[in-house]
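Residue strings, one per chain:
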Amino acid sequence: MGNNPITVTSPLLPDLGEFHSLLQEIWDSKWITNNGSFHHRLEEALAEYLDVPYVSLFTNGTLPLITALQALRITGEVITTPYSFVATTHSLWWNGIKPVFVDIDLSTGNIDPNRIESAVTSRTTAIMPVHVYGKPCDVDSIQQIADKYGLRVIYDAAHAFGVKIGAGATSILNYGDLSTLSFHATKVFNTIEGGAMIMHDEKTKQRIDYLKNFGFANETTVVAPGINSKMDEIRAAYGLLNLRKVDQAIEARHQVAIRYRQALRGIDGITFFDDMPGVKHNYSYFPIFVDAQQYGITRDELYFKMREQGVLGRRYFYPLISEFSTYRGLESARPENLPNAHRMASSVICLPMHHALSEEDIQRVINCIVR
Ligand SMILES: *Cc1c(COP(=O)(O)O)cnc(C)c1O
């Protein structure tokens, strides 16, 4: 009997026995936070795994966004996407920056570079794109625009853990001035709560490390008004163990994506993304898009029908960030400015997608959609 709910995600958990022995190490050392050995080891291990020069660990994925804006002294207006998790825009608001929403490209869900230039004003200082669902943004076009207008680029790469592009399999995290990751329980790689910032040089790494620890450079020197957002030893140890399992988890997700695509291709009114050429994906999400005219029932009707069967998809990202009360009054939040984002938000359902879905689970999800 399988009417137990199938959730949209399920956390990757380390082996409990192995975790216990690392906890014993921490107990023996009595060093539980403040730049301890596990913090250091996880930063090194992630830099190697992700193939990036420098990693700074954080307590979640929102504080590196807020800290990145501080570190680059971003002010005025920042161009961003409404099709994301609210934390992207909240990080701007917390820095007193005005978000300027630009519409997305329907073929990826990411900010449309062709619409960025017309949103640039004399107050624009940066672009904050998101690699939505882990699909890489058009990083070259975005950098060209940034260079032309002297803008910084901060990528919210919360979904893009391990994503690589091009013939050289370059990490997507190596683009822009800074990129940020989330290691929340719902993400491909988790430390329960956690996150990181990726930077290209040692000086920036140093500055970020100060900023996430109140601005302390040493015992008596505070170089900037920093915050406290450093990861503790226990979650760093948990992360080290999960990092060993993440490749297998991504491969399991890949197999789920293959099954979904086989079963759903050709259903009138249901579309989804295929792999992008030359991209190593992480299969963090499996969004489908419902065209009510062709499919016969609306997105919400399908969503609630799935729920009745215990298949708990999620409408990521609905409502759009630009629809929340904080942002709705902005000129750039007008729906006429964001037709593609509205279209995607009103048709999307993210299907259950994680490493532990059984064949029976996958079939139950598919059965809800096939008509
Ligand atoms: C999860 C997420 C965040 C925030 O991460 P937390 O670790 O939950 O603070 C930021 N941006 C996007 C796009 C996310 O999906």
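Keep in mind that what you see is a predicted model, and the values were worked out from it rather than measured. Counting restarts for each chain: residues are numbered from 1 in the order of the written sequence. Per-residue local features are limited, in this predicted model, to residues with pLDDT of at least 70; the limit for side-chain atom pairs, both in listing and counting, is 80 or more; totals at the level of whole chains, interfaces and linings are taken over all residues. Side-chain measures were taken over the full set of non-hydrogen atoms in the model, leaving aside hydrogen atoms and water.

Some words on the sheet that holds strand S10 (residues 195–199)
Next up, step 1: Taking strand neighbours across the sheet as the criterion, the 7 strands line up as S2-S10-S9-S6-S5-S3-S4 in an open arrangement whose pairing is mixed. Strands at the two margins of the open sheet, each flanked by one partner only, are strand S2 (54–58) and strand S4 (98–101). Neighbour to neighbour, the strand axes of the sheet diverge by 25° on average, direction disregarded.
Next up, step 2: Any two residues whose heavy atoms approach within 4.5 Å at even a single point are treated as in contact. With axes taken as lines fitted to C-alpha atoms, and helix axes fitted only over the stretch in contact, angles between N-to-C directions fall between 0 and 180 degrees. Going along the chain from the N terminus, every DSSP run of H or I of four or more residues is numbered as a helix, and every run of E of two or more is numbered as a strand. This element, helix H5 (residues 139–149), spans strand S5 (124–128) and strand S6 (152–156) of the sheet and lies at about 150° to S6.
Next up, step 3: Sheet contacts for helix H6 (residues 202–211): S2, strand S9 (178–182) and S10; angle to S2, the most-contacted strand, approximately 10°. Whether two strands pair depends on DSSP finding at least two bridges between them.

Some thoughts on the pairing of S5
Next up, step 1: The buried label goes to any residue with under 20% of its type's maximum accessible area, the exposed label to any with over 50%, and the partly exposed label to all in between, with areas taken from a 1.4 Å probe on protein chains only. Counting buried positions along S5 yields 4 of 5 residues, so the element is predominantly enclosed.
Next up, step 2: Looking at chain direction, strand S3 (residues 77–80) and S5 are connected through 4 bridges and run parallel. Within S5, the residue paired with Ile79 across the bridge is Ile127.
Next up, step 3: Across 2 bridges, S5 lies against S6 in parallel orientation. Considered in S6, the bridge of Ile127 is made with Val153.

Points about helix H1 (residues 16–29)
Next up, step 1: For H1, built from 14 residues, the straight-helix expectation of 20 Å at 1.5 Å per residue is met to within 8% by its first-to-last C-alpha distance of 20 Å.
Next up, step 2: Listing the buried residues of H1 in full gives Phe19, Leu22, Leu23 and Ile26. For H1, the arc enclosing every buried residue in end-on projection is 105°, short of the 170-degree limit, so these residues lie on one face. Along H1, exposed side chains directed more than 90 degrees from the buried face belong to His20, Trp27 and Asp28.
Next up, step 3: Contacts from the buried residues of H1 go to helix H2 (37–50) and helix H7 (233–264).
Next up, step 4: Of the residues flanking the end of H1, it is Lys30, one or two places downstream, whose phi is positive at about 60°. Expected span of a helix, by definition, is 1.5 Å for each gap between consecutive residues, and there is one gap fewer than residues. The arc in question is traced by the directions running from the helix axis to the C-beta atoms.

Things to note about the nonpolar core
Next up, step 1: For the purposes of this section, nonpolar cores are sets of buried Ala, Val, Leu, Ile, Met, Phe, Trp, Tyr and Cys residues that join through side-chain atoms within 4.5 Å. One finds Leu46, Phe161, Tyr260, Ile288, Leu351 and Ile369 to be the most contacted residues of the largest nonpolar core, which totals 81 residues.
Next up, step 2: Take this core: its biggest share by element is 13 residues, from H7.
Next up, step 3: Domain start and stop points were drawn from an automatic or database domain assignment. Residues from two domains meet in this core; each of domain 1 (16–243) and domain 2 (246–369) gives at least three.
Next up, step 4: Apart from the residues within four sequence positions on either side, Ile369 is in contact with Leu264, Ile267, Ile270, Ile288, Tyr295, Leu302 and Leu351.
Next up, step 5: Listed in part, the 23 residues of the second largest apolar core include Val130, Val132, Phe289 and Leu338.

Focus: the domain arrangement of the protein
Next up, step 1: Each assigned domain of the protein is listed here: domain 1 (16–243) and domain 2 (246–369).
Next up, step 2: Spacing between the C-alpha centres of domain 1 and domain 2 amounts to 25 Å.
Next up, step 3: On the domain 2 side, the residues contacting the 40 residues of domain 1 number 36 residues.
Next up, step 4: Carbon and sulfur atoms supply 65% of the area buried between domain 1 and domain 2, which totals about 3300 Å² over both sides.
Next up, step 5: The term salt bridge refers to a pairing of a side-chain nitrogen on Lys or Arg with a carboxyl oxygen on Asp or Glu at a separation within 4 Å. At the junction of domain 1 with domain 2, the criterion picks out 0 salt bridges.
Next up, step 6: Definition of a polar contact: a pair of N or O atoms within 3.5 Å, with one able to donate and the other able to accept a hydrogen when the atoms are protein atoms, and with sequence-neighbouring residues admitted only if both atoms are side-chain atoms. Where domain 1 meets domain 2, there are 17 residue pairs in polar contact (both at pLDDT 80 or more). Summed over both partners, the accessible area (1.4 Å probe) lost when two parts come together is defined as the buried area.

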